[in-house]
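# Observations on the model geometry
The chain contents come next:
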Amino acid sequence: MSPRCHTVGRLAREVEVLCEVDVVVAGGGAAGVAAAVCAARAGASVVLLERNGFLGGTMTSTSLGGVCGLYSLIDGAPVQMVHGFAEEVRGRLEHAGGSRGALPWLQTASLPYDLFIMKSVLDDLAEAPRLTVLYQARLVEAGVEGGRIRHVIVRGRGGLFAIRANAFIDCTGDGELADMAGAATEYDQASLQFPTAMFRMGGVDTTVAMKVPRDEMHRLLEQAVADGYDLPRTAGGIYSVRDGIVHLNITKVKVEGHTPDTFDPFELSEAEREGRRQARLYLEIFRRYVPGYANAYILDTGAELGIRETRRIVGPHVLTSDDVLKERKFDDAIAANCWPIEDHGGGRSTRWVWLSPGGYNHIPYRALLPIGVRNLLVAGRCLSSTHEAQAAVRVTANCFSTGQAAGLAAVMAGSGDMASVDIKPLQAVLKASGVSLTPMPKKAHA
Ligand SMILES: Cc1cc2nc3c(=O)[nH]c(=O)nc-3n(C[C@H](O)[C@H](O)[C@H](O)COP(=O)(O)OP(=O)(O)OC[C@H]3O[C@@H](n4cnc5c(N)ncnc54)[C@H](O)[C@@H]3O)c2cc1C
C-alpha cells in the first residue's frame, strides 16, 4: 500500500431533509446529553446526534473509573462543589444503585459508577419532551451561509440525510462541527495528552485488592519495571463498584514512542491495537505482583481507545492554566471548575497541580463561543482553552456543566447570534436550574 498518494473529488448530490428543529446537538457524551436535555426542557425542539448506539461518550464507550470534578477534598472529606445537571445524574445513579458514593483519593474525590446503570440513567434523562435522540447517526458535513450553519448532513445506517436548525451545539469532543463550519480551532499534536485503553478485570479478590494503597501499587509496578518489564505507566486509578470486578486506568498508549495522532487513520488504528496489547501486559503484571489479582482475567476493554485531547476551539477567551490555578472568576461565568490540572504526559506518572481545598475557577461563556460561526456553541472537552487548562476542565462534571449552559444559552439565542446572549439572564436561568457559580461547599453524600 502506498498511503496518501492521491486525492479524489466528491460528488455533490441532493440529500433529503429529515426534519427541521430549533437546536441540533452533535455528540451525546456528558456535554451533549446535558445540552440537549436542558435545551428541550427550556422549550426548544431538539435533535441529538450520536454516532454510537448509546449515550455517554467517553464515560460509557471508553468507560471511566468515576465521575471527576464533582468534589473538593476539605480536611480529608469530599464536599460537593458542582450541582445542576451533574447533580441530577449523581442522584439518579445513586437511586438506581449505580454508585457507592464519593471516593476520596490523593487530594480529591470522584464518584465511581456502574457502566450499564450510567447508560440507563442517560437514556432516562433523554426521554424529555421535544427531544429526539438519533443513534448511529454520524455528523459528516455542515452547510454554512453568511457565517451561520443552516443545516448538517448526517450519515445514518441507511445513508445520508440533512437536518435544519436555528442553533447548533458542538459536543463531539473533537470540535468536529466547529471545524466543518470554519471556526477557529487548534490541534497541536506534539503537546496532546497520551490516550489510555481502559479495561476491567474480573476474578479479582476485591477485599484484598482494594486495600492496596495507591503508593504501594506504584511501588509494586516500579518493581516490575526494575525486573525488566516495559511498563509505560506505574501510577493509575483502580475503582470497584461490584465485588470481584475492578476498573483500571493504567495504560498509556504510545505509537513509535510519541503521542499518537488520533486524527491519522493509521496511527489511530495502531493505537487501538497497542491499547489491547498493554491490557494483556498489565494483566500479567498484576497477577504476578499485586495482591488480590492472582486469578484475575480481562473482563472487557472499552469500546474504543480513551482519547483525552484533540482539537479545541479558539474562542474570544482562551482559558489558561493561570485562570485555573489562580482560581480566577469571570463576570460571564457559566460554570465552576474545582478539578486540578491532571496532565497525562510522557513519564510513567501523571502530573497533578492542585487547586486550594474548596477552591474553584470560573469557566466563562466566551470559552464556549467559536469565532467565525454565529449560531454555534461548543461545550465539553473541546471548549476554548490551552492544553494545560484543558487538562483540568475536561473532566465529566465540567462537561455536564458546560453542556447545560450551552443548551440554555442556545434557547435564549433563538435565531439570533450566540454572542449576543445576555449573560445575567443566562446566569439567572442556570441558578434556577440548580447551578451554583459561587459554590458553597457542602458535605458529599456518603
Ligand atoms: C482515558 C480517559 C480517562 C478519563 N478518566 C476520567 C475520569 O476518571 N473521570 C472523569 O470525570 N473524566 C475522565 N476523563 C475525561 C472525560 O471522560 C472526558 O473529557 C469527557 O467525558 C468528555 O465529554 P464530552 O461530552 O466533552 O466528549 P466525549 O465524551 O468525547 O463525547 C463526544 C460524543 O460525541 C460523539 N461524536 C463524536 N463525533 C461525532 C459525530 N461526527 N457525529 C455524531 N456523534 C459524534 C461521540 O460518539 C461521543 O458520544 C477521562 C478521559 C479519558 C480519555
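Analysis parameters
Residues numbered from 1 in each chain as written. Predicted model: local features only at pLDDT ≥ 70, side-chain atom pairs only at ≥ 80, totals over all residues. Heavy atoms only, no water. Helix = DSSP H or I, 4+ residues; strand = E, 2+ residues; numbered from the N terminus. Rg over C-alpha atoms; globule rule 2.2 N^0.38 Å. Buried < 20%, exposed > 50% of the residue type's maximum accessible area, 1.4 Å probe, protein only. Pairing = 2+ DSSP bridges. Axes fitted to C-alpha atoms, helices over the stretch in contact; angles between N-to-C directions. Contact = heavy atoms within 4.5 Å. Near = heavy atom within 4 Å. Polar contact = N/O pair within 3.5 Å; in protein donor to acceptor, adjacent residues only side chain to side chain. Areas by Shrake-Rupley, 256 points an atom, 1.4 Å probe, with all protein chains shown as cover. Domains from an automatic or database assignment. Phe/Tyr/Trp six-rings, centres within 6.5 Å; stacked < 30°, edge-to-face > 60°. Salt bridge = Lys/Arg side-chain N within 4 Å of Asp/Glu carboxyl O. Lys, Arg positive; Asp, Glu negative; His and termini not counted. Core = buried A, V, L, I, M, F, W, Y, C linked by side-chain atoms within 4.5 Å. Buried area = accessible area lost by both parts, 1.4 Å probe. Expected span 1.5 Å × (residues − 1).

With that out of the way, let us pick up the overall build of the protein chain. For the protein chain, the helix and strand inventory stands at 12 helices and 23 strands. The C-alpha radius of gyration computed for the protein chain amounts to 21 Å, which stays within 12% of the reference 22 Å derived for 446 residues, consistent with globular compactness. Taking the principal axes of its C-alpha atoms as reference, the protein chain extends roughly 60 × 60 × 40 Å. With 446 residues in all, the protein chain has 57% of them scored as buried.

What follows covers the sheet that holds strand β15 (residues 245-249). Across the sheet, four strands lie side by side as β14-β15-β13-β16; this open sheet has antiparallel pairing. For this open sheet the edge positions go to β14 (237-242) and β16 (297-301), each flanked by a neighbour on one side alone. Adjacent strand axes in the sheet meet at a mean angle of 30° when their direction is disregarded. Packed onto the sheet, helix α8 (residues 265-289) meets β13 (199-202), β14, β15 and β16 and runs at close to 150° relative to β16.

This part takes up the site of the ligand. Around the ligand lies a shell of 34 residues, among which Glu 50, Thr 58, Gly 66, Arg 394 and Thr 396 are the nearest. One nitrogen or oxygen atom from the main chain of Ala 31 is found 3.0 Å from an oxygen atom belonging to the ligand. Calculation on the ligand without its partners gives an accessible area of 1000 Å², and the protein chains cover 98% of this total. Looking at the shell around the ligand, the elements with two or more residues in it are α1 (30-41), β3 (66-67), β9 (138-145) and α11 (396-413). Shared between two domains, the shell around the ligand takes at least three residues from each, and those domains are domain 1 (17-190 + 310-443) and domain 2 (194-301).

Below, the discussion takes up the packing of aromatic side chains. What characterises a pair of aromatic rings is the spacing of the ring centres plus the angle enclosed by the ring planes. In the structure shown here, the tally under the stated rule is nine aromatic pairs. Judged by centre distance (4.9 Å) and plane angle (70°), the ring pair of Phe 286 and Tyr 293 falls under edge-to-face. On the basis of relative accessible area, Tyr 293 is assigned to the buried category, the value being 1%. Judged by centre distance (5.1 Å) and plane angle (5°), the ring pair of Trp 352 and Trp 354 falls under stacked. We classify Trp 354 as partly exposed; its relative accessible area is 24%. Aromatic rings pair up to connect Trp 105, Tyr 239, Trp 339, Trp 352 and Trp 354 into one cluster.

Taken in spatial order, the three strands make up an open sheet running β3-β7-β6, and their pairing is antiparallel. Unpaired on one side and paired on the other, β3 and β6 (103-105) mark the two borders of the sheet. Where β6 meets strand β7 (residues 108-112), three bridges bridge the pair, whose relative direction is antiparallel. Residue pairing across strands places Leu 103 opposite Ser 110, the latter belonging to β7.

With that settled, the discussion passes to the pattern of salt bridges. For the structure shown, the criterion picks out 26 salt bridges. Between Arg 351 and Glu 388 there is a salt bridge; the shortest N-O distance is 2.3 Å. On the criterion of sequence distance, the pair formed by Arg 351 in strand β20 (residues 351-353) and Glu 388 in helix α10 (residues 387-393) is long-range, its members being 37 residues apart. Bridged by salt links that share partners, the residues Arg 41, Glu 88 and Arg 92 form one connected network.

So, about the pairing of strand β18 (residues 333-337). Among the five residues in β18, five count as buried, and that is most of the element. Two strands pair when backbone bridges link them, and β18 and strand β21 (residues 361-364) are joined in this way by four bridges, in the antiparallel orientation. Bridging from a neighbouring strand, Asn 337 pairs with Asn 361 of β21.

Note on placement: Gln 404 falls in helix α11. Judged by its relative accessible area of 3%, Gln 404 is buried. At a separation of 2.9 Å, a polar atom in the side chain of Gln 404 contacts the main-chain amide nitrogen of Phe 85. Not counting chain neighbours up to four residues away, the residues in contact with Gln 404 comprise Ala 34, Ala 35, Cys 38, Gly 84, Phe 85, Leu 430, Ser 433 and Val 435.

Once that is clear, we can look at the side chain of Lys 252. Counting through the fold element by element, Lys 252 comes out in the loop between β15 and α8. The buried charged residue Lys 252 lacks any salt bridge partner; its closest oppositely charged side chain belongs to Asp 343, at an N-O distance of 8.0 Å. Within the structure, Lys 252 has its side chain in polar contact with the backbone oxygen of Gly 347 (distance 2.5 Å). The residues contacting Lys 252, other than those within four sequence positions of it, are Phe 194, Pro 195, Pro 232, Arg 233, Gln 278, His 344, Gly 345, Gly 346, Gly 347 and Ser 349.

Right, let's talk about the nonpolar core for a bit. Formed by 84 residues in total, the largest nonpolar core has its most connected members in Val 25, Val 46, Phe 85, Leu 131, Ile 334 and Tyr 365. Per element, the largest residue contribution to this core is 10 residues, and it comes from α1. Setting aside its immediate chain neighbours within four residues, Val 25 contacts Gly 32, Ala 35, Ala 36, Val 46, Val 47, Leu 48, Leu 49, Ile 169 and Cys 171.

Many authors give the size of an interface as the accessible area that is lost as the parts come together. By the assigned domains, the protein chain splits into domain 1 (17-190 + 310-443) and domain 2 (194-301). For domain 1 versus domain 2, the separation of C-alpha centres amounts to 28 Å. Contact with domain 1, which involves 29 residues of that partner, is made by 25 residues of domain 2. Of all residues in domain 1, Arg 100, His 344 and Arg 348 give up the largest surface area on contact with domain 2, accounting jointly for 30% of the area buried on that side. For the pair domain 1 and domain 2, the number of links is three salt bridges.

This part covers helix α3 (residues 84-95). Side chains of residues three or four places apart in an α-helix project in the same direction, reflecting 3.6 residues per turn. The end-to-end C-alpha separation of α3 is 17 Å, in line with the 16 Å expected for 12 residues at 1.5 Å each. Within the span of α3, buried status applies to Gly 84, Phe 85, Ala 86, Val 89, Arg 90 and Leu 93. In this structure, the buried side of α3 is in contact with α1, β4 (71-74), β5 (77-80), β7, α4 (115-125) and α11. Where α3 terminates, the next one or two residues include Gly 97, which has phi positive at roughly 75°.

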